Amino acid sequence: MILRRASVSDASTCAMVQREANLASLPFLPADPDINGALTFFETVLLLENETWIAEVDGQPVAYVAFHPGWLEHLYVLPAYQGRGISPTLMAKALEDGSARELWTFQKNARARKFYEDRGWVLVELTDGQGNREKEPDARYAWPGR
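Structure report, in brief. (Residues numbered from 1 in each chain as written. Predicted model: local features only at pLDDT ≥ 70, side-chain atom pairs only at ≥ 80, totals over all residues. Heavy atoms only, no water.)

### Quick look at unusual backbone geometry
Next, step 1: Phi is positive for Asp-58, close to 50 degrees, though the residue is something other than glycine.
Next, step 2: Inspection of the secondary structure puts Asp-58 in the loop between β2 (51-57) and β3 (60-68). (Helix = DSSP H or I, 4+ residues; strand = E, 2+ residues; numbered from the N terminus.)

### Let's talk about the packing of aromatic side chains
Next, step 1: Within this structure, the stated rule accounts for 8 aromatic pairs.
Next, step 2: The interplanar angle of 75 degrees and the centroid separation of 5.5 Å between the aromatic rings of Phe-41 and Phe-42 together place this pair among those described as edge-to-face.
Next, step 3: Take Phe-41: its relative accessible area is 34%, and that puts it in the partly exposed class.
Next, step 4: A ring pair is formed by Trp-121 and Trp-143, whose centres lie 5.9 Å apart and whose planes are at 45 degrees; its orientation type is tilted. With Trp-121 in the loop between α4 (110-118) and β6 (122-126) and Trp-143 in strand β7 (residues 138-143), this residue pair connects regions lying 22 residues apart in the sequence.
Next, step 5: Grouped by ring-pair contacts, the aromatic residues Phe-115, Tyr-116, Trp-121, Tyr-141 and Trp-143 constitute a single cluster.
Next, step 6: The side chain of Lys-93 reaches across the aromatic face of Trp-53, ending 4.0 Å from its centre. (Phe/Tyr/Trp six-rings, centres within 6.5 Å; stacked < 30°, edge-to-face > 60°. Buried < 20%, exposed > 50% of the residue type's maximum accessible area, 1.4 Å probe, protein only. Lys NZ or Arg CZ within 6 Å of the ring centre and 35° of its normal.)

See the structure below:
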């Protein structure tokens, strides 16, 4: 596995990874039929406002992480590559500067919540979901930094 810095030209790669991971891991969310809207979001927001890294296995993109000061925004791995140590590697990249970070995940995403809790993230808030686009109850976690 190699990590490489993402650029705006990786928008479709990131959108595809997120879509496939969501379909497998978040079946309670409706699939977003608007792939063009997702591409626009990645091109004009996510990849411009975050440091983003892509994990490749045998030259194929299989995961990515996006973060900026204070927040881990996205961490997605293709279903076939989950459980292979890619997520911890990407998370370590996001945390390597030692600063505190926070993240949101859905309350129903038990696998993600366990992943974060097992690595020292602390639950700080549960919401009813009215503040997110999906209107799905979520959980905010904090990483205290070094």
